[in-house]
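# Structure assessment
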Amino acid sequence: MRWGIVGHGRIASTFLDAARGVGHEVAAIVGREASRAAVFAANHGIGWAGDELTELVSEVDAIYVATPHSSHRDVAVVLLGAGVPVLCEKPMAVNASQVRQMVEAARSSETFLMEAMWTRHLPVFAAFRRWVDEGRLGEIRMVEASFGFSAPYQPTDRLWAPDLAGGSLLDVGIYPLTLAELAFGTQPSSFDAEAELSPDGVDARLRLVANYSTGGSARLASAINTDLVPNGRIIGTEGIVEIPEFWRAERMTLTSLSGEKVDEVNTPHQINGFEYQIVETARCLEVGAVESPVVTWAWSTTMAETMDEIRSRIGVIYPCDREFL
Ligand SMILES: NC(=O)c1ccc[n+]([C@@H]2O[C@H](COP(=O)([O-])OP(=O)(O)OC[C@H]3O[C@@H](n4cnc5c(N)ncnc54)[C@H](OP(=O)(O)O)[C@@H]3O)[C@@H](O)[C@H]2O)c1
């Protein structure tokens, strides 16, 4: 399989290592400026570099979109319109309206589209769902998860800039929300949210208490200005699951309510964890599926709706939200 990549920033080489690690080729890279893309291509042994999406499409079988959130929709719609399968970095887009436009582009062109929510593909979570289905946790009552790091305030960096849809929720808060969704099988039915906003009005830190229709609740947090404990914990009436660094999980432990270890799962990544979503994309293309059951279009749309609602509560509005107001 021959991949193209759009965007040559921090995450592109993680994808590249995983794609090559599973025997795929990374054949082309596009950036906003051809000379910068060419430097990345030369440093990583990629044969083709440029600044034109329309030239990229003839070079490859599928494209990984790794640009800032604010450009996911525009880039993906062009690619899908040209009939090229797209694996798009999380969050799928800035808001639910943009996600719906992408889904519509995929549907009308009958072209594969998946949000690169790699956590959902990790083998640990297949094992976690088995434990839940077997009743080993009992009824899930509570999820606790946070993902936060301390990044220097740089107003023009994509982490902080409102016009690049900066802030903690879209960058890392989506992971605790994903863990809670994996545990409860649904998005929250109600929540309270509190945030510390940056000088430019993006959420530097966010705290969420969410309630689920199953009767459970979740305490979730994210930050780009604070190091938070990077673990997930799911508490049931029969047992507790601890997942260190849950967004890139390689292991988890089940303990009884009295703290005795009952079981554990250990599934080291073959490469860096991105390989599972890459293999799933290849599988879908092989069988002619335009949507993966692991991260469905409905999943991406409802996640975006939840994040829209959270942002509206904490008062984080991006310039590109105004397109739909
Ligand atoms: N799955 C994960 O674990 C993970 C981890 C980190 C990031 N991400 C996601 O990956 C995406 C990129 O993050 P990053 O940290 O790699 O960002 P980054 O370091 O800021 O890099 C973004 C890249 O995109 C290019 N770019 C910007 N706008 C573009 C456009 N309209 N068309 C083409 N290229 C464009 C930039 O190049 P120029 O500015 O030089 O043109 C730069 O090379 C984000 O959505 C982020 O949430 C995922």
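Just so you know, these numbers come straight off a predicted model, no measurement behind them. (Residues numbered from 1 in each chain as written. Predicted model: local features only at pLDDT ≥ 70, side-chain atom pairs only at ≥ 80, totals over all residues.)

On a plain count of helices and strands, the protein chain comes out with nine helices and 14 strands. Along the three orthogonal principal directions, the C-alpha set of the protein chain runs to about 60 × 45 × 35 Å. Classification of the 325 residues of the protein chain by burial places 48% in the buried group. Within the protein chain, contacts between residues at least 6 apart in sequence are counted, and of these 66% link residues at least 24 apart. (Helix = DSSP H or I, 4+ residues; strand = E, 2+ residues; numbered from the N terminus. Buried ≥ 20, exposed ≤ 12 C-beta atoms within 10 Å, placed from the backbone. Contact = placed C-beta atoms within 7 Å.)

Core analysis: the largest hydrophobic core is formed by 108 residues, its most contacted members being Ile63, Val86, Leu113 and Ala180. If you tally residues by element for this core, the top one is helix α7 (residues 168-184), at ten residues. (Core = buried A, V, L, I, M, F, W, Y, C linked by C-beta atoms within 7 Å.)

Surrounding the ligand, one finds 23 residues, the nearest of these being Gly7, Gly9, Arg10, Arg32 and Glu89. With three residues, the single largest contributor to the shell around the ligand is helix α4 (residues 69-81). (Near = placed C-beta within 6 Å.)

The residue after Lys90, namely Pro91, is reached through a cis peptide bond having omega -15 degrees. Along the chain, the position of Pro91 falls in the loop between β5 (86-89) and α5 (96-109). For Glu245, which is not glycine, the phi dihedral falls at a positive 45 degrees. Tracing the backbone through its elements, the reader meets Glu245 in the loop between β12 (239-244) and β13 (251-256). The exposure class assigned to Glu245 is partly exposed, which follows from the 13 C-beta atoms found within 10 Å.

To continue, consider the pairing of strand β14 (residues 261-266). Pairing of β13 with β14, which is carried by five bridges, proceeds in the antiparallel orientation. Within β14, the position partnered with Met252 by the bridge is Val265. (Pairing = 2+ DSSP bridges.)

Relative to the helices and strands, Gln187 is located in the loop between α7 and β8 (190-197). The spatial distance from the C-alpha of Gln187 to the C-alpha of Asn211 is 8.9 Å, given a sequence separation of 24 residues. In this structure, Gln187 is in contact with Glu181, Thr302 and Thr306, ignoring residues within four places of it in sequence.

For the rest of this paragraph, the subject is the sheet that holds strand β1 (residues 2-6). Taken in spatial order, the six strands line up as β3-β2-β1-β4-β5-β6 in an open sheet, and their pairing is parallel. Because the sheet does not close on itself, it has two edges, and the strands there are β3 (48-50) and β6 (113-116). Each strand of the sheet is rotated relative to its neighbour by a mean of 20 degrees, with strand direction disregarded. Bridge count for strand β2 (residues 25-30) against β3 is three bridges, and the pairing is parallel. Following the sheet pairing, Ala28 is matched in β3 by Trp48. (Axes fitted to C-alpha atoms, helices over the stretch in contact; angles between N-to-C directions.)

What follows is about the domain arrangement of the protein chain. Taken as a whole, the protein chain is organised into domain 1 (2-117 + 275-302) and domain 2 (123-266). The straight-line distance from the C-alpha centre of domain 1 to that of domain 2 is 26 Å. Contacts between domain 1 and domain 2 engage eight residues on the former and eight residues on the latter. Taken together, the residues that form the side of domain 1 that touches domain 2 break down as four nonpolar, three polar and one charged. (Domains from an automatic or database assignment. Nonpolar A, V, L, I, M, F, W, Y, C, P; charged D, E, K, R; others polar.)

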